[in-house]
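Descriptive structure summary
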Amino acid sequence: VDQLVREVIEVTKEMITVLQRRNPAIRPSLAIIQAGEDDGLLEINKKMARRIGLNVTQICLAKECSEIEIVTEVLKLSEDPGVHGLYLHLPQASLTSRVLTALKPEKDVDGLSDLNTGCLIRGDLSAGFVPPVTSAVLEWLSKHHVTLEGKTVLILGGHGTFEVTLRCLIERQGIEVVVSDWTSKNLKSQVMRADAVVVLEAGKKNLPPTWFKPGALVFSCDPTSKTGTLFNTTCNTSDQFLDESVAESSSNSGLGYLTAAYRMKNVAQSCGRWLQEQEYQPWSLSSISLQPLTPVPSDIEISRAHTPKPVSQLAKEIGLLPEELEVYGRSKAKVRLSLLDRLHNQPDGKYVLVAGITPTPLGEGKSTVTIGLVQALSAHLKLNSFACLRQPSQGPTFWGESNLLCLGGAAGGGYAQVIPMEEFNLHLTGDIHAITAANNLVAAAIDARILHESTQSDKALYNRLVPSVNGVRRFSPIQISRLCRLGIDKTDPASLTPQEINTFVRLDLDPSKITWHRVLDTNDRFLRKITVGQASTEKGQTRETGFDIAVASEIMAILALADGLEDMKGRLARMVVGTSRSGQPVTAEDLGVSGALAVLMKDAIKPTLMQTLEGTPVFVHAGPFANIAHGNSSVLADKLALKLVGEDGFVVTEAGFGADIGMEKFFNIKCRASGLQPDVVVLVATVRALKMHGGGPNVSAGAPLPREYIDENLSLAAGGCHSNLRKQIQIAHLFGVPVVVAVNVFKTDTQAEVDLVCQIAKECGAFDAVPCHHWAQGGRGCVDLARAVTQATRRPNNFQFLYDLQLPLVDKIRTIAQKVYGAADIELSPDAKAKLDYYNQQGYASLPICMAKTHLSLSHMPEKKGAPTGFILPIRDVRASIGAGFIYPLVGTMSTMPGLPTRPCFYDIDLDPATEEISGLF
């Protein structure tokens, strides 16, 4: 036995050495849950663990502990990533079904759980664990017989898991197994025929020595012995049963050590499996087959006709671990940022940006192209791909679909959409509600601070801001940070001078220069301008302010640009909410609220996993405005997806509005924040939009299309190609990125028009140009685009930014106006000049620029189509989102709170109380 123990120990040590070569910090860990004091068997296991080099955690429960106490500890240790194996050293009666169900099979190193037993019976030794005592029996059998094949083993007495697993594993080695009990009439003949007898109920009876065939091996292994362990190691070889030539003397502790050694080997094996899970896993994506109908039903009808896979199944298919998933219902889940740490050495996939030409008010289908493209890549070309989309604002959902253009993303449409559609467009996982709460907490803090400063002395303010608790007065961490920024190097509240107290407690916000608005995720025009503080309790502290739609909050832009919790917390702290009467910026950190904001946003920072109609993965995360903000989904969603798809996979994300706005901001703002570089731009164009830019009449949502857009008109289409399409391709080339033009085909387009657009697009410098039919056909209608994109990503990438951040702010604005929009120059209003001077003075000159202008023209004039040149771009005002990290000049008037039309679409929205089915949403 000693030799066998040494062999198992050496094998296990070598396993650990191999693991530590892969990860030097790894050390297998065993957790023991026991009831009562240590016994001899437990000491053997602890000694064995130390000898091999395992960490041991011991949980000592009372001898008469309850089932719920055991379950609580089992659940806690099962979820602890630092524990690789669980040993339940408990009485047989305590190993209830509830306890074993709580035991995570991956850590069940004693093979107690039903799942482990099932795996062993099925023959799947890669997933479960062989019970240590079973391994010991098998090892002994193999050592006593040079060849086992053709031998017969009798298992006598016993029942349950141990007997079942022992029998299956012995039979799998080509040995005949006979199971019998003490009452069998054929017991004598069975014993006489057996080459080995395993007695599972020690002390039941003695078998006459004359029953055994010469050379037979007999040993006893009692799973119900006094130790109370289900698979204990109280086994002995009964010399009286054996022929002297093969009899072997073995103490209880000898086999106990062997069983303990196998238990430690299982722990090392579990650690190895865990380490393997931490590495990148190849996808096993199962796509969902589409059967498109003609005519194409409504978006909501298509969505409801297709059942998404359970999100936990999707997560497993794309290599996510269960602990990285926070499930919200059946079809959506948050993904934890710990994934980035786990896969930090994994090379990124290819990065694809979907942008568009200058759109009509109807939109040109960037979202549907994005979704159709990933459906084609994954479901049809069998390449890993991920779509990363913005979360749409809930407000326009009750206004009308046409307004989704400027208020976040969209779920796509036709046979290229994200499902379930209702969940995508309504609350989703509550991120926008978290932003609303955080934003309005800042607003409440601003007005409360103004009130308290106006009605209290320095001493009263100080006593309330730094109160004495149980006779002890101390600054909070955020107050110490403020003291440091003020140059007051003190941490004892009693040591501040009166002047220092005044500086510390007085933000002295100028009510007329507060830039922070409250927000609401509902279109409500009457909140655009309001007066607050009219109640008598506010003591005359009234001021004019307003509400924005929630996605216009700077916190939304921060969510989209942050690369982790620490970065988000820092950005939230830097948000400037107004100016003091002395002209100094006042931040959220000055208000003392930034830590609370991070708490409100801690779940919102995790992207939401959903899927397309064809079962391919989608991240939905963040939805900032595309005018006063950068109009792109989150940096974190892109980073997570780039790791998950693998080096040969594709991440496809979308930029708001036309390439002159969304794409330019994607490159100059988002790529600077993320450090990522795109491999290709997919530029979406439609024949109808090109006809408009070629001189066609204006179109508006809800109105019938003029004949020019229904009948074939090659001259209008060509005019739009040579003006707007050419210009947008040139803009992409400014950044050194290849362009593939995707012509989103509508039923009113003729083949001649589509062919003409593709031809001219290539003449204008596009790598390729292909028609797309994803709306009617799903991913199958986007296969040609997918092939063109994969080919384009193989081209050399010469990505570069448009401007150096060290340029003066005015020069950065001028660069965008001239190189991107085609302006001759810019014209700053007096207010804009004053603001730029102020931002330079405050040290904001090195921030990138986020131009806020109309999306309906390359110029500031919505009616100017095509590619106007030679105009002067007027800069009316300049504002700053310091937390988000950009300066945004205003070109014209920007509404940040939409209103409702005469007939909002909520007239058509209803709920069936019996089925809970929503009608009229889209």
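Note that residues are indexed from 1 along each chain, following the sequence as it is written. Thresholds applied to this predicted model are a pLDDT of at least 70 for local features of residues and 80 or more for the giving and counting of side-chain atom pairs; totals over whole chains, interfaces and linings are not thresholded and use all residues. Heavy atoms throughout the structure, all of them, feed into the side-chain values; hydrogens and water do not.

**Observations concerning the overall build of the protein chain**
What the protein chain contains, in helices and strands, is 31 helices and 34 strands. With respect to the three principal axes, the spread of C-alpha positions in the protein chain is 110 × 80 × 55 Å. In the protein chain, which comprises 922 residues, the proportion classed as buried is 58%. Contact definition: two residues touch when any of their heavy atoms are within 4.5 Å. Long-range pairs, those at least 24 residues apart, make up 74% of the contacts in the protein chain between residues at least 6 apart in sequence. Using a 1.4 Å probe, the Shrake-Rupley method yields the accessible areas, and only the shown protein chains count as cover for residues. Entry remark: accessible area of the protein chain is about 36900 Å², with carbon and sulfur atoms responsible for 51%. The averaged location of the 97 negative side-chain charges in the protein chain is 3 Å from the averaged location of its 90 positive side-chain charges. A run of H or I in DSSP becomes a helix once it reaches four residues, and a run of E becomes a strand once it reaches two; helices and strands are each numbered from the N terminus. A 1.4 Å probe rolled over the protein chains alone gives each residue an accessible area, and that area as a share of the maximum for its type sets the label: buried under 20%, exposed over 50%, partly exposed in between. Positive charge is attributed to Lys and Arg, negative charge to Asp and Glu, and no charge count is given to His or to the chain ends. For the purpose of locating charges, the reference atoms are NZ of Lys, CZ of Arg, CG of Asp and CD of Glu.

**Quick notes on a nonpolar patch on the surface**
Nonpolar side chains collect at one region of the surface, where L900, F906 and Y907 lie side by side and expose about 290 Å² of accessible area between them. Examined against the element boundaries, L900 turns out to sit in the loop between strand 32 (886-890) and strand 33 (910-911). Patch definition: residues with relative accessible area over 30% and no salt bridge; like charges joined within 9 Å; nonpolar side chains (Val, Leu, Ile, Met, Phe, Trp, Tyr) joined within 5 Å. Here, a salt bridge means any Lys or Arg side-chain nitrogen found within 4 Å of an Asp or Glu carboxyl oxygen.

**Notes on the confidence of the model for the protein chain**
On average, the protein chain scores 91 in pLDDT, and the residues at 70 or more come to 94%. This stretch, residues 224-253, has a pLDDT under 50; its non-local contacts, to residues over four places away or in other chains, come to 81 contacts. For every residue, the predictor assigns a confidence score, pLDDT, that lies between 0 and 100. The low-confidence segment residues 401-409 (pLDDT under 50) makes 35 contacts with residues lying over four places distant or belonging to another chain.

**Brief notes about the pattern of salt bridges**
This structure, assessed with the given rule, holds 45 salt bridges. One salt bridge connects K309 with E317, and the closest N-O pair in it is separated by 2.7 Å. For the pair formed by K309 and E317, the shared burial category is buried. Salt bridges sharing common partners tie together E326, R336, K602, D603 and K606.

**Notes on helix 27 (residues 751-763)**
Expected helix span is given by 1.5 Å per residue-to-residue step, counting one fewer step than there are residues. Between its first and last C-alpha atoms helix 27 spans 18 Å; for 13 residues at 1.5 Å apiece the expected length is 18 Å, and the two agree. Against helix 25 (687-693), helix 26 (714-734), strand 27 (739-744) and strand 28 (768-772) lie the buried residues of helix 27. In the stretch just after helix 27, G765 is the one whose phi turns positive, near 110°.

**With respect to the packing of aromatic side chains**
Centres within 6.5 Å are what make two rings of Phe, Tyr or Trp a pair, Trp counting through its six-membered ring; a difference in plane orientation under 30 degrees is then read as stacked, over 60 as edge-to-face, and the rest as tilted. This structure, assessed with the given rule, holds 14 aromatic pairs. Ring centres of Y462 and F475 lie 6.4 Å apart, and the angle between their planes is 55°; this geometry places the pair in the tilted category. With Y462 in helix 16 (residues 458-465) and F475 in the loop between strand 16 (472-473) and helix 17 (477-485), this residue pair connects regions lying 13 residues apart in the sequence. By the burial criterion, Y462 is buried, and F475 matches it. Ring geometry for F886 and Y888: centres 6.4 Å apart, planes at 70°, overall edge-to-face. The exposure class of F886 is buried, given its relative accessible area of 0%. The buried category is assigned to Y888, whose relative accessible area is 11%.

**A few points about the side chain of E500**
Residue position: E500 is located in helix 18 (residues 498-505). One polar contact links E500 to K490, side chain to side chain, over a distance of 2.9 Å. Whenever two N or O atoms come within 3.5 Å, that pair is a polar contact, provided that in protein one can donate a hydrogen and the other can accept it, and provided that, for residues adjacent in sequence, both atoms are side-chain atoms.

**Comments concerning the sheet that holds strand 2 (residues 55-61)**
Strands pair, by our definition, only if DSSP identifies at least two bridges between them. An order of 2-1-3 is seen for the three strands of this open sheet, with the pairing classed as parallel. Strand pairing shows two members of the sheet lacking a second neighbour, strand 2 and strand 3 (85-89), which therefore form its edges. Each strand of the sheet is rotated relative to its neighbour by a mean of 20°, with strand direction disregarded. For strand 1 (residues 29-35) and strand 2, the ladder comprises seven bridges, and the chain directions are parallel. In the strand pairing of strand 2, Q34 is matched with C60. Whenever a helix is involved, its axis is fitted only over the stretch in contact; in every case the axis is a line through C-alpha atoms, and angles between N-to-C directions fall within 0 to 180 degrees. In this fold helix 2 (residues 40-52) packs onto strand 1, strand 2 and strand 3, with an angle of close to 160° to the strand it touches most, strand 3. Running at roughly 160° to strand 2, helix 3 (residues 67-78) makes contact with strand 1, strand 2 and strand 3 of the sheet.

**What about helix 18?**
Inspection of helix 18 places E500, I501, F504 and V505 among the buried residues, and these make up the whole buried set. For helix 18, the angular spread of the buried residues around the axis is 120°, confining them to a single face. With respect to the buried face of helix 18, the exposed residues turned more than 90 degrees away are P498 and Q499. Against helix 15 (431-455), helix 16 and helix 17 lie the buried residues of helix 18. An arc is given here, and it is the one of the directions from the helix axis to the C-beta atoms.

**Here's the deal with the nonpolar core**
What we call a nonpolar core is a set of buried Ala, Val, Leu, Ile, Met, Phe, Trp, Tyr and Cys residues that are connected through their side-chain atoms within 4.5 Å. Membership of the largest hydrophobic core comes to 142 residues, with the highest contact counts inside it found for F386, L609, F619, F667, L725, V741 and L873. Discounting chain neighbours no more than four positions away, the residues touching L725 are I357, L683, A685, L690, G720, V741, V757 and A761. If you look at the next biggest cluster of nonpolar residues, it comprises 46 residues, including I32, M48, A49 and L258.

**Remarks on unusual backbone geometry**
P295 follows T294 through a cis peptide bond whose omega is -5°. Relative to the assigned elements, P295 resides in the loop between helix 9 (252-278) and helix 10 (299-305). The peptide bond linking I419 to P420 adopts the cis configuration, its omega dihedral lying at -5°. With respect to the helices and strands, P420 occurs in the loop between strand 14 (416-419) and helix 14 (421-425). One non-glycine residue, D508, adopts positive backbone phi at about 55°. By the element assignment, D508 lies in the loop between helix 18 and strand 17 (518-520). Overall, the relative accessible area of 31% leaves D508 in the partly exposed class.

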